[in-house]
Amino acid sequence: MALERTFSILKPDATARNLTGAVNAVIEAAGLRIVAQRRIQMTTKQAETFYAVHKERPFFGELVSFMTSGPVVVQVLEGENAIAKYREVMGATNPANAADGTIRKQFALSVGENTVHGSDAPETAAVEIAQFFSGNDIVG
């Protein structure tokens, strides 16, 4: 088992419904530690940079609009195999397919408004964390 860090976003649908504490409780109950957290209003440039991998996809503009439509909570999570653990805790992208007890099963409204984002690999996590946090922001 390896101690690692992953990146998380609580999306605008979560913050609009005051779910930050409830989602954080699920994260912490899963054994992950929140070592950095900030509530921000993501700019169009930040969203376009963050989701650049989807730039050619038909939903890119809608995704950027959604992610800039309200505040989000960006986080760094730490724990044993944090990336895989958080992906398990988040649940399937489509909340209808998510396992009971997962964040998306409990809180997501739809495939688009699915409450959270989590990194999919160590390299991705490092890039995503660096976009929103510097070393002094992360306190383990």
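Residues numbered from 1 in each chain as written. Predicted model: local features only at pLDDT ≥ 70, side-chain atom pairs only at ≥ 80, totals over all residues. Heavy atoms only, no water.

### Observations concerning the packing of aromatic side chains
Convention followed: Pairing of aromatic side chains here covers Phe, Tyr and the six-membered ring of Trp, requires ring centres within 6.5 Å, and sorts the geometry by plane angle: under 30 degrees stacked, over 60 edge-to-face, intermediate tilted. Note on exposure labels: buried denotes an accessible area under 20% of the residue type's maximum, exposed denotes more than 50%, and partly exposed covers the range between, all computed with a 1.4 Å probe on protein chains only.
The full count for this structure, using the stated rule, is 4 aromatic pairs. Here F50 and Y51 contribute two aromatic rings whose centre-to-centre distance is 4.8 Å and whose plane-to-plane angle is 80°, an arrangement assigned as edge-to-face. For Y51, a relative accessible area of 6% corresponds to the buried category. Cluster of aromatic residues (ring-pair linked, three or more members): F7, F50, Y51 and F132.

### Some details on the UniProt feature "active site" (unreviewed entry) in the chain
This is how the line gets drawn: UniProt positions are given in the numbering used here, feature names are shortened, and annotations may be inferred rather than shown by experiment. Labels follow the DSSP assignment, with helices taken as runs of H or I lasting at least four residues and strands as runs of E lasting at least two, numbered in each case from the N terminus. Contacts are assigned to residue pairs that have any heavy atoms within 4.5 Å of one another.
The positions that UniProt labels "active site" (unreviewed entry) are, in the present scheme, H117. Topologically, H117 is positioned in strand β4 (residues 116–118). Those residues in contact with H117, other than ones at most four positions away along the chain, are F7, S8, I9, K11, F50, Y51, Y86, M90, R104 and E128.

### Concerning the nonpolar core
Test applied: Only buried residues count toward a nonpolar core, which is a set of Ala, Val, Leu, Ile, Met, Phe, Trp, Tyr and Cys residues joined through side-chain atoms within 4.5 Å.
In terms of nonpolar packing, the biggest core is built from 21 residues, with F7, I9, M67, V74, F132 and F133 touching the most fellow members. Elements that contribute at least two residues to this core include exactly β1 (3–10), β2 (33–40), α3 (44–50), α4 (60–67), β3 (72–80) and α7 (122–132). Setting aside its immediate chain neighbours within four residues, F133 contacts F7, A36, Q37, R38, V74, Q75, V76 and I138. Of all hydrophobic cores here, the second largest spans 17 residues; its members include L77, Y86, V89 and F107.

### Here's the deal with unusual backbone geometry
Residues other than glycine predominantly adopt negative phi, and peptide bonds predominantly adopt the trans conformation. Of note in this structure, N18 is not a glycine but carries a positive phi near 60°. Secondary-structure assignment places N18 in the loop between α1 (12–16) and α2 (20–29). With a relative accessible area of 68%, N18 lands in the exposed category. A positive phi angle, near 45°, is found at N81, a position not held by glycine. Relative to the helices and strands, N81 is located in the loop between β3 and α5 (82–90).

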